[in-house]
Structures are given as C-alpha cells and as structure tokens.
Amino acid sequence: MKTIGILTSGGDAPGMNAAIRAVVRTAVYNKLRVMAIRRGFNGLIRGDIEEMSAASVGEIIHRGGTILRTARCEEFNTPEGVKKAYNIAKIFGIDAVVVIGGDGSFRGARDLSRLGMPVVGIPGTIDNDIACTEYTIGFDTAVNTVIDALNKIRDTVTSHERINIIEVMGRHAGDIALYSGLAGGAENIIVPEVKYDIDEICKNLIQGKNRGKQSYIMIVAEGAGNAFNIAREIEEKTGFEVRVTVLGHLQRGGSPTAMDRILASRMGAHAVNILLEGRINRVVAIHGSQIVDYDIDEALSMSKGISESMYQLAGILSI
Ligand code: ATP
C-alpha cells in the first residue's frame, strides 16, 4: 500500500474538509502518497486526479463544503462505469480509495472493491442515516444550524403568538428533526419513521393554547410530509394561523462545529490506519466514544430506526 486516493461523494456535509485533512496528513505522516479525486466518482472516471501534500489541506479545517467538490455520478451506477473507474485508478497508481459520503457512495465503493480495489468508507452526511455509526460527520453542525434558526423563529412566533412549522432535511431519516426538536424545545416533531395523527396534533395545539403557550413550533422532516399541506390542514381544522419556514440548503453549509471537526479528524486518521494495518473494505463508525470499523457489506446490510426513547422524551418535555 503506497498510494491512497480520496474522494467526497453524494451530498456535501460540514466536516468533510476536516476528514480530508486528517486522511492526507495521517497518510503523509506515514510516508504514503495521497491523490485527490475530484467531484466524486466522476473524477475517477474522467481522471480528474492530482497528488496532494500536507500543505494542500491547510486552512480548511474550519470550512464547510468540500475542497474536493462532490457530485452524483450516473455513469458509476453501471458496471461499465465502475470498470472504467477501476482502470483509471490503476493507471494513476492508486492502491486504495477512501470514500467520504453517504450510503449511496458506500454502495459505489463496494462495487469498486468487487473489482479488486480496496476501499474504506467514512460516513459524511448531515442526515445521520448510516446504520453502523451513531453519528455521521456534518450532523452536529446541521442540528446546530436548525437550532439557531429555531431560536430566531421562536422570537417572532412568540411576539405574534403564532404557530410555525419548520421543515428540515431528512428524506428517510428523522434524526435532524428529532435532535433539533428536542434541543430547541419544539412542541411537535414529525419524522418519516413515525406515522403522525393530525387530529392529535390539533388537540395538543388547542390544549397548549388553552394552557397559555405563547408560541408553538413544529419540526417536520421533509420526508414525513409536505409542511405546507400540514399547515393548511391545521388551519382548516383549528382556525389558527400557521406559518411555514423551509430551511433547505442552509442546513448543509457553515463552519463545522467542534464535535464534527473532532469526529472527522478521528475518523479520517482511523481510515488510514485501517489501510496501514492491511485491512480493506471497511466503513469507519463511532460507538460511544470509540472509533470502530465494519466490513462494508455488513455496514450496508444494517438498518437504522429513530430513537424511540428520545422521541417519547421530546413529547413529554413539550407539554
Ligand atoms: P447523501 O446521503 O448525503 O445524499 P449518498 O452517498 O447517499 O449521500 P447518493 O446520491 O445516494 O448519495 O450516492 C452518491 C453517488 O454514489 C452516486 O451518484 C453514484 O455515483 C454512487 N452510487 C450510489 N448508489 C450506487 C450503487 N447502488 N451502485 C454504484 N454506485 C452508486
């Protein structure tokens, strides 16, 4: 193992740069070469590859996004595309590829590994939807961004004694909604994993108003239902005025939190150490405070649900 390729793929996440920095510097420290592969798997297919140095990852630990750029690559979903990527990696002398991204990107990495290219996956996605790890890089920053927005919305909602629905990211996973809802004291949290009952929500809302609640904030994960439709339904059923705020791509940007920078630094270093130990086709994860790793097939076969105890707690604390 002499040369490692590194790419970021799928949705960008704050902390990806800190992970790139950790991979590059741990590799250079251990006398390995690192090749930057730009725009995800596209870079492998097109040969958009260049050698990195310890200096090339300076001044990036605090920056959101990814200096390697990211993309979704349709061609890589075909066997021909994967073969092409494998051949190009070989031409550039790459002995293993570190892939920072979500589970789609890990599926791509697994395809590459099946042709004989060793891979290591680092979970980088704001959604926290990778089953083998308790936390993904970017999640903590995204949750803090949502809380910041929620606090600001709370000020205006309280002043007008209104109801506001905040739509957050999470097509299949409700962790951003759950964690930000719990941390921000949201009155209701709607996630894709739990079916909601609009009448129950309206009842809580009316009871809350009667108890003197001055503001009412609901967090809706985008995959759980259309926030505007939910707002209209509540207005029709209760007569209350409901406003909607869609946070959108705001949640992807920003300087990573200390938690994300540390997680990314530890995971990046661990990825290189796995390869130095001669282990291959792994996904890095965190459990408790321990950085661990899983076989990539095992990691991709695992499934993740929402924390029921946290969901119930959020309900109890919002009475
Ligand atoms: P996020 O969850 O943040 O969106 P992701 O890694 O899950 O990240 P995807 O768009 O699913 O994002 O995947 C990124 C890229 O990985 C795809 O554009 C494609 O190149 C590759 N990929 C995804 N799924 C597969 C697959 N089943 N086989 C081969 N490659 C895949």
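Residues numbered from 1 in each chain as written. Predicted model: local features only at pLDDT ≥ 70, side-chain atom pairs only at ≥ 80, totals over all residues. Heavy atoms only, no water.

The pairing of strands in a sheet comes from backbone hydrogen bonds and takes either a parallel or an antiparallel form. A sheet is described by the order of its strands in space; here four strands give the open sequence E7-E8-E6-E9, paired in parallel fashion. Each edge of the open sheet is held by one strand with a lone partner, namely strand E7 (188–190) and strand E9 (242–246). Taking each pair of neighbouring strands and ignoring which way they run, the sheet shows an average axis angle of 20°. Looking at chain direction, E7 and strand E8 (residues 216–221) are connected through three bridges and run parallel. For Asn188, the partnering residue across the bridge sits in E8 and is Met218. (Pairing = 2+ DSSP bridges. Helix = DSSP H or I, 4+ residues; strand = E, 2+ residues; numbered from the N terminus. Axes fitted to C-alpha atoms, helices over the stretch in contact; angles between N-to-C directions.)

Direction of pairing for strand E10 (residues 282–287) relative to strand E11 (residues 290–295): antiparallel, over a ladder of six bridges. Directly across from Ala285, in E11, lies its bridge partner Val292. Where E10 folds back onto E11 in an antiparallel hairpin, the turn is made up of two residues, including Gly288, whose phi is positive at roughly 60°.

Moving on: the nonpolar core. Residues Ile6, Met52 and Ile122 are the most contacted members of the largest nonpolar core, which totals 59 residues. Looking at this core element by element, the count peaks at nine residues for helix H5 (residues 139–160). No fewer than three residues from each of domain 1 (3–138 + 256–301) and domain 2 (140–253) sit in this core. Every residue in contact with Ile122, bar those within four places of it in the chain, is listed here: Val23, Val98, Val99, Ile100, Gly101, Phe106, Ile137, Met267, Gly268, Ala271 and Val284. Listed in part, the 30 residues of the second largest apolar core include Ile37, Leu44, Phe76 and Val82. (Core = buried A, V, L, I, M, F, W, Y, C linked by side-chain atoms within 4.5 Å. Buried < 20%, exposed > 50% of the residue type's maximum accessible area, 1.4 Å probe, protein only. Domains from an automatic or database assignment. Contact = heavy atoms within 4.5 Å.)

Moving on: helix H8 (residues 227–238). Over its 12 residues, H8 runs 16 Å from end to end, which matches the ideal 16 Å to within 8%, given 1.5 Å per residue. For H8, the N-terminal cap is Asn226; the gap from its side-chain oxygen to the backbone nitrogen of Phe228 is 2.8 Å. Just past H8, the residue Gly239 takes up positive phi, approximately 85°. (Expected span 1.5 Å × (residues − 1). Polar contact = N/O pair within 3.5 Å; in protein donor to acceptor, adjacent residues only side chain to side chain.)

Our next topic: the domain arrangement of the protein chain. For the protein chain, the domain assignment lists domain 1 (3–138 + 256–301) and domain 2 (140–253). Here the C-alpha centroids of domain 1 and domain 2 sit 34 Å apart. Note on domain 1 versus domain 2: buried area summed over both sides is about 1100 Å², and carbon and sulfur give 50% of it. The three residues of domain 1 that bury the most area against domain 2 are Ile126, Asp127 and Thr257, which together make up 41% of that side's buried surface. Joining domain 1 to domain 2, the criterion identifies one salt bridge. Put simply, domain 1 and domain 2 have nine residue pairs in polar contact (both at pLDDT 80 or more) between them. Grouping the constituent residues of the side of domain 1 that touches domain 2 by class yields five nonpolar, four polar and four charged. (Buried area = accessible area lost by both parts, 1.4 Å probe. Salt bridge = Lys/Arg side-chain N within 4 Å of Asp/Glu carboxyl O. Nonpolar A, V, L, I, M, F, W, Y, C, P; charged D, E, K, R; others polar.)

Spatially, the seven strands line up as an open sheet ordered E3-E2-E1-E4-E5-E10-E11, and their pairing is mixed. Across the chains shown, the open sheet's two edge strands, defined by having one partner strand only, are strand E3 (49–52) and E11. Taken over all neighbouring pairs, the strand axes of this sheet differ in orientation by 30° on average, direction set aside. Two elements, strand E2 (residues 33–37) and E3, share four bridges in a ladder whose sense is antiparallel. Paired with Ala36 across the strands is Glu50, a residue of E3.

This next bit is on the packing of helix H6 (residues 175–184) against helix H11 (residues 308–317). In the contact formed by H6 and H11, the axes pass within 10 Å of each other and the chain directions differ by 35°. Judged by the twist between their axes, the crossing of H6 over H11 is left-handed. Along the contact surface, H6 presents Leu178, Tyr179 and Leu182, while H11 presents Met310, Tyr311, Leu313, Ala314 and Leu317. Classifying every residue of the contact of H6 with H11 gives eight nonpolar, no polar and no charged. (Left-handed = near helix turned anticlockwise from the far one by under 90°.)

For the ligand, the set of nearby residues contains 17 residues, the closest of which are Arg72, Cys73, Gly102, Gly104 and Ser105. One nitrogen or oxygen atom from the main chain of Gly11 is found 3.4 Å from an oxygen atom belonging to the ligand. In the model, an oxygen atom of the ligand is placed 3.2 Å from a nitrogen or oxygen of the Thr125 side chain. The leading source of residues in the shell around the ligand is helix H4 (residues 103–114), at six residues. Its residues assigned to classes, the shell around the ligand shows three nonpolar, nine polar and five charged. (Near = heavy atom within 4 Å.)

Now for H6. An α-helical turn contains 3.6 residues, so any two residues separated by three or four positions project in the same direction. Summarising burial for H6: seven of the 10 residues are buried, a large majority. Those residues of H6 not exposed but buried are Asp175, Ile176, Ala177, Leu178, Ser180, Gly181 and Gly184. Buried residues along H6 sit against H5, strand E6 (163–168), E7, E8 and H11. Two residues or fewer past H6, Gly185 is found with a positive phi of approximately 65°.

It is the contact of H5 with H6, at a shortest axis distance of 9 Å, that shows an interaxial angle of 50°. Taken together, H5 and H6 sit at an angle that is classed as oblique. Once H5 is placed against H6, the crossing between them reads as right-handed. Two secondary-structure elements touch here, H5 through Phe139, Ala142, Val143, Val146, Ile147, Leu150 and Arg154 and H6 through Asp175, Ile176, Tyr179, Ser180, Ala183 and Gly184. Of the residues that constitute the contact of H5 with H6, the class distribution is nine nonpolar, two polar and two charged. (Parallel < 35°, antiparallel > 145°, perpendicular 65-115°, else oblique.)

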